[in-house]
Amino acid sequence: MSDDPARADLPVPRRSERLRRPSRSVAAALVGVLVAGGLAVTQATSAAAETIDVGSGSYTTQPPGPTPNGCAAINADPRAFVTDDAPTTPLPTNDWWSSLAYKRLDCRWSVPLHAHPAAYQPDAAGLGISYTTTPTISGSGAGVSEYHFPYREDLHAGVSGLDAPYVAVDDWTDWTVSPLWDDGSRSLRATIGHGLPFAWFEASGGDATLTADDGADVWLDDGPRLGLSVNGHDYVAFAPPGVDWTQSGDTFTAPLDGDGFFSVAVLPDVADDARAALADTYADSAYSPVTGTTVDYTYDESTSQVSTTYALETTPWPGTGESAGTVAALYPHQAKHLAGGDPAGEPLDATYTSARGDLTVLAGIDAFTTHDTFQGVLPEIPAVATGAEGSADRDQLEAYLDDVAADPLDQRGNDTYWTGKALGRATRIVEISDQLGRTDQRDAALAQVRSLLTDWFTASPGKAERVFAYDEDWGTLIGYPASYGSDQELNDHHFHYGYYVAAAATLARFDPQWAQDYGPMVDLLISDANGYDRDEPMFPYLRDFDIYAGHDWASGHGAFAAGNNQESSSEGMNFAGALVQWGQVTGNTAARDAGIYIYTTQAAAIREYWFDASGTTFPDEFDHETVGMVWGDGGSYSTWFTANPSMIQGINYLPITGSHLYLGYDPERVRELYAHLEEVQGGHPTAWQDILWSFLALGDADAALENVRGGYPTPEEGESRAHTFHWVANLAALGTVDTTVSADHPLAATFDEDGSLTYVAANVSTEPLTVTFSDGTTLDVAPGRTATTGAHTWSGGGAPGNPGDPDPDPDPDPDPDPDPDPDPEPVTSTLHLSDDGALTADAGEAGTVELASAGTGTYVDTPHDPATFEVSDVTASHDGGATTFSIPVDAGTQVGLAVQARVSYDLTGDGT
């Protein structure tokens, strides 16, 4: 039944049956085609299908664990609050307006919808409107602190007598949504959106009503135009031409003769004597609601320029004349990159206050375009310092690599997030080992990455762990075991899946056949988290990426009073950078360009809204230099899991990879943010020192290297000492990221050390590559290698396509020493446990060994209180086989959870 007793018997708008996508129950002959890097894979399903083959991989259609849930109606049908007229494409989640459709806490309405500049709150009688210009601040610069521009209702728009049982979603576009109220006699449909000062309304069954909170100052009363000042904020409302507003107390009414329309706009912050002129300007857009919004982006590889066009389609209401465009308020990350000579024209001499700083206003437009430069990503920082043979830094790095050789994954959990962290750690080991020519370690780590990814990308009947499941009702792919609400709340898919995509991109360089075989599963993860194909029928377009806000949102339902939220912006960028690299290595330019668009846009947004690099985002009274979380209505110096300042700042830096050079676009800001951490922390960071020093290295690598050389406690769970040392030591040689130079190749970057530039590029193809930088410098890169020129000349790596260095000893000794033991005594490779507890070559009567109980403890990697057996004085040759063992266990009347076994080889005989 319903979570709300009043909701139990309400009629629920549902999709028309004729508009439903074919369900699997009737899909015996349905065939879909996935295209990944030019590889077409046929996906066939049937009524009884549980496991769906995609290339060599597969997923299941029967989730082995929890699925998204919410209010009772949502549990029965995720589209319970979506009308028949809404798009039939998969339901968007993780958006600023998601709580309208994905009702999880409020089973009738939604949380406040922070659209900027206005915020909205539906109720039974219509839509509340808020424009908050005074922040609420809690905490202080000494610890956890938040600032919010909370919803505070100024006006309420509705239809006289409307008493709807709930609000549904009637339409959505790239950054607008249209809620619908219907009580059987009266209805109201609104259109609201990011950056739109207007809310447009279509009503039936009654008159248009506007109710002011605690009185209103009427500053314009001109027939259909009504200017109101409420709580110090200015609004102008537009009734149909020829219709007048009348006032009764705090309520204003416009007769609609049963059916009609009206609009309400919040005005920017201007002096009283400028309001009337603005009302005239806004009148041109009052009767032409925005009926479509679409983003379109291009990446010009030759110039590394990303051009993004935000198009707004308007449709005039009947009898109101032709559309004159609309009014749009631009976020700072858009306004600062507004294309020169844009046909949108010059901004108005007025701005809005918002949680993201002042919003720039364009009027009479149907589109605007931004230009920004993609600065490139790298598989890894080049080993210009740590790669020098015989150097102390090389020796130190080699020692750190030795420490992680046995377990590059260091997996801390079996769910999608902690698997991702393990993949990220191992991938860094692969990249560094490859640069240093440690091919055995590289290939061993690759084997573990390959095995783990393949396991996750393979479903089978009854498999309950390390498996992905597609939920058609929700249009989502969920990995099990899930974590942090990735299943029940559709949280964090871009966080989790970005690690998988990044690992797959590295693996694809060394094992292109694996990429061909399992690439379609990688593409499914991409499509779920941030699918870039509008025609994809299985997933919503750009699920986690807010096109207009310029960054991801983490919560699937967004059901918080402060709106949606995003904590780890850097893990969102991990996904974007991984998408760039996956697209590049597989030849999928559509994926690459989508990653570049997301990466470039989000880098600009993070700079403004997380790091406040321009000093214009945070309120003056907010005493922190950065935030750990961005909310719909503000930001907070906090996390979901700790109040430790080291982690509050560090969560927006990790994981440190070649996709995170954007963190260093402003070296001075890096130093300021690290100084702020030390101020709040009262000294050096107390946790995640490796992450924070790696961040500091992008602004002051010498100081970071001094810290690293001094030693630090346990590395962050997704890091290793090897990678931290490699990153910091090489940046100390390279310098800081130089954003004045770009390249005509996406895997390239430039660094500046006291005016001396080093140019870096990676070639993940099988053909020689020449990269041209914007200052005219060229760099030739052999297949499979990363190379540098300028202040440092270096080349390393050996992916397929690069044959590697020639045999260093082409003329071996023609007369090697004779075999010291040409006829050794043959030894069997199978050993048996005898009845006296010894290991013998001959099978005899079965022996028994009693193993100590682990009690209530959980032990990983190292067996607890083990029984140990040794075989010594054995000379043998390896024939390519593997060590195997068979251990029958009788746990008696106790539950035997697991038995650990480890086989070690002492190849030198000295105990090491």
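Read on for a plain summary of the structure. (Residues numbered from 1 in each chain as written. Predicted model: local features only at pLDDT ≥ 70, side-chain atom pairs only at ≥ 80, totals over all residues. Heavy atoms only, no water.)

What follows deals with the sheet that holds strand E22 (residues 290–300). The 3 strands are arranged E22-E23-E27 in an open sheet whose pairing can be described as antiparallel. Each edge of the open sheet is held by one strand with a lone partner, namely E22 and strand E27 (367–373). Here the strands of the sheet are splayed against their neighbours by 15° on average, with no regard to which way each runs. When strand E23 (residues 305–314) meets E27, the two strands line up antiparallel, connected through 7 bridges. In the strand pairing of E27, Gln305 is matched with Thr373. Across the sheet, helix H10 (residues 589–609) lies against E22, E23 and E27, angled at about 105° from E22, the strand it touches most. (Pairing = 2+ DSSP bridges. Helix = DSSP H or I, 4+ residues; strand = E, 2+ residues; numbered from the N terminus. Axes fitted to C-alpha atoms, helices over the stretch in contact; angles between N-to-C directions. Contact = heavy atoms within 4.5 Å.)

One pass over the structure, following the stated rule, counts 1 disulfide. Between the sulfur atoms of Cys71 and its disulfide mate Cys107 the distance is 2.0 Å. As the torsion about the S-S bond is roughly -90°, the Cys71-Cys107 disulfide counts as left-handed. One end of the pair, Cys71, is in the loop between strand E4 (57–60) and helix H1 (72–76); the other, Cys107, is in the loop between H1 and strand E5 (113–114), and 36 residues separate them in sequence. Take Cys71 and Cys107: they sit in the same class, and that class is buried. (Disulfide = S-S within 2.5 Å. Buried < 20%, exposed > 50% of the residue type's maximum accessible area, 1.4 Å probe, protein only.)

Let us look at the pattern of salt bridges. Summed over the entire model, instances satisfying the criterion amount to 31 salt bridges. Across the pair Asp174 and Arg534 runs a salt bridge, and its minimum N-O distance is 2.6 Å. Separated by 360 residues along the polypeptide, Asp174 in the loop between strand E11 (167–172) and strand E12 (176–182) and Arg534 in the loop between helix H8 (512–530) and strand E30 (545–546) bring together distant segments of the chain. Take Asp174: its relative accessible area is 14%, and that puts it in the buried class. By sharing partners, the salt bridges in this structure join Glu389, Arg394, Glu398, Asp402 and Arg438 into a single network. (Salt bridge = Lys/Arg side-chain N within 4 Å of Asp/Glu carboxyl O.)

Here we take up the sheet that holds strand E10 (residues 153–159). Across the sheet, which stays open at both edges, the 7 strands sit in the order E5-E6-E7-E10-E15-E20-E19 with antiparallel pairing between neighbours. Every interior strand has two partners, whereas the edge strands, E5 and strand E19 (246–248), have only one. With 4 bridges connecting them, strand E15 (residues 208–212) and strand E20 (residues 251–254) associate as antiparallel partners. In the strand pairing of E20, Thr209 is matched with Thr253.

A water-sized probe rolled over the atoms picks out the places where empty space is left. Under the criterion given, the structure shown has 9 cavities of 30 Å³ or more. In this structure, the largest cavity encloses a volume near 180 Å³. If you go around the largest cavity, you meet 23 residues; those closest to its centre are Gly424, Arg428, Ala502, Asn574 and Thr657. When residues of the lining of the largest cavity are traced back to their parent elements, those giving at least two are helix H5 (416–435), helix H7 (493–510) and helix H9 (569–586). If one sorts the elements of the lining of the largest cavity by residue count, H5 sits on top with 6 residues. Considered class by class, the residues forming the lining of the largest cavity number 8 nonpolar, 10 polar and 5 charged. (1 Å grid on protein atoms, 1.4 Å probe; cavity = no way out; pocket = protein on both sides within 12 Å on 5 of 7 lines; lining within 4 Å. Points joined across faces, edges and corners; volume = space filled by probe spheres on them. Nonpolar A, V, L, I, M, F, W, Y, C, P; charged D, E, K, R; others polar.)

Looking now at the side chain of Asn652. Inspection of the secondary structure puts Asn652 in the loop between helix H11 (645–650) and helix H12 (667–681). Of the residues examined, Asn652 reaches a relative accessible area of 1% and is grouped as buried. A polar atom in the side chain of Asn652 sits 3.4 Å from the side chain of Trp610. Not counting residues within four places of it along the chain, the set of residues in contact with Asn652 comprises Glu567, Ser568, Ser569, Ser570, Trp610, Phe611, Val627, Gly628, Tyr662 and Leu663. (Polar contact = N/O pair within 3.5 Å; in protein donor to acceptor, adjacent residues only side chain to side chain.)

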